[in-house]
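Below are the chains, spelled out letter by letter.
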Amino acid sequence: QVQLVETGGGLVQAGGSLRLSCAASGRTFSGYTRGWFRQAPGKQREFVARIDWSGGSTYYADSVKVRFTISRDIAKNTCYLQMNRLKTEDTAVYYCAAGGSVGLMYRSPSAYTYWGQGTQVTVSS
């Protein structure tokens, strides 16, 4: 049984930083894509960042580029999202995801097979 568990969310002031972790169990993710999405109240789930588990290539949403960094620790089967210079508009529930055949559809939630339960990130002004 595959499980993704996010940790690291919380309340932070604008301009601050948080680091989210997504620990996976139940399988290895060689050849998979691991991603981060977020969903604010009343809005659709949106793509934040993704990383190719084997090669390490990364892509970011324009809204977080430069401020956020996605990384991985293959030995720990864990994906990270370092979030710097946080803004109030970054407030959302953040989800990690994994998919085996994501390809160019990496921005679409439907391309991912496995999801975590989400962790709340609240940025105050």
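Calculation notes
Residues numbered from 1 in each chain as written. Predicted model: local features only at pLDDT ≥ 70, side-chain atom pairs only at ≥ 80, totals over all residues. Heavy atoms only, no water. Pairing = 2+ DSSP bridges. Helix = DSSP H or I, 4+ residues; strand = E, 2+ residues; numbered from the N terminus. Axes fitted to C-alpha atoms, helices over the stretch in contact; angles between N-to-C directions. Disulfide = S-S within 2.5 Å. Core = buried A, V, L, I, M, F, W, Y, C linked by side-chain atoms within 4.5 Å. Buried < 20%, exposed > 50% of the residue type's maximum accessible area, 1.4 Å probe, protein only. Contact = heavy atoms within 4.5 Å.

Asker: Help me understand the sheet that holds strand S1 (residues 3-7), please; the structure alone is not making it clear to me.
Answerer: The pairing of strands in a sheet comes from backbone hydrogen bonds and takes either a parallel or an antiparallel form. Across the sheet, which stays open at both edges, the 4 strands sit in the order S1-S3-S8-S7 with antiparallel pairing between neighbours. The strands lining the two open edges of the sheet, one partner per strand, are S1 and strand S7 (68-73). Going across the sheet, the axis of each strand differs from the next one's by a mean of 15°, ignoring polarity. Pairing of S1 with strand S3 (residues 18-25), which is carried by 5 bridges, proceeds in the antiparallel orientation. If you follow Thr7 over to S3, its bridge partner there is Ser21.

Asker: What am I meant to see in the state of the cysteines here?
Answerer: Cysteine pairs can be covalently joined through their sulfur atoms, and such a bond is termed a disulfide. Per the stated rule, a full pass over the model turns up 1 disulfide. Between Cys22 and Cys96 runs a disulfide, and the two sulfur atoms are separated by 2.1 Å. Handedness of the Cys22-Cys96 disulfide follows from its S-S torsion of about 60°: it is right-handed. Here Cys96 lies in strand S9 (residues 92-99) and Cys22 lies in strand S3, a separation of 74 residues in the sequence.

Asker: I'm lost on the nonpolar core in this one. Help?
Answerer: It is characteristic of soluble globular proteins that their nonpolar side chains tend to be buried jointly. Trp36, Val48, Phe68, Ile70, Leu81, Met83 and Tyr94 are the most contacted members of the largest nonpolar core, which has 35 residues in total. Mapped by element, the contributors of at least two residues to this core are S3, strand S4 (33-39), strand S5 (46-52), S7, strand S8 (78-83), S9 and strand S11 (119-124). If you tally residues by element for this core, the top one is S9, at 5 residues. The residues touching Phe68, leaving out its near neighbours within four places in the chain, are Arg38, Val48, Tyr60, Leu81, Gln82, Met83, Asn84, Leu86, Asp90 and Tyr94.

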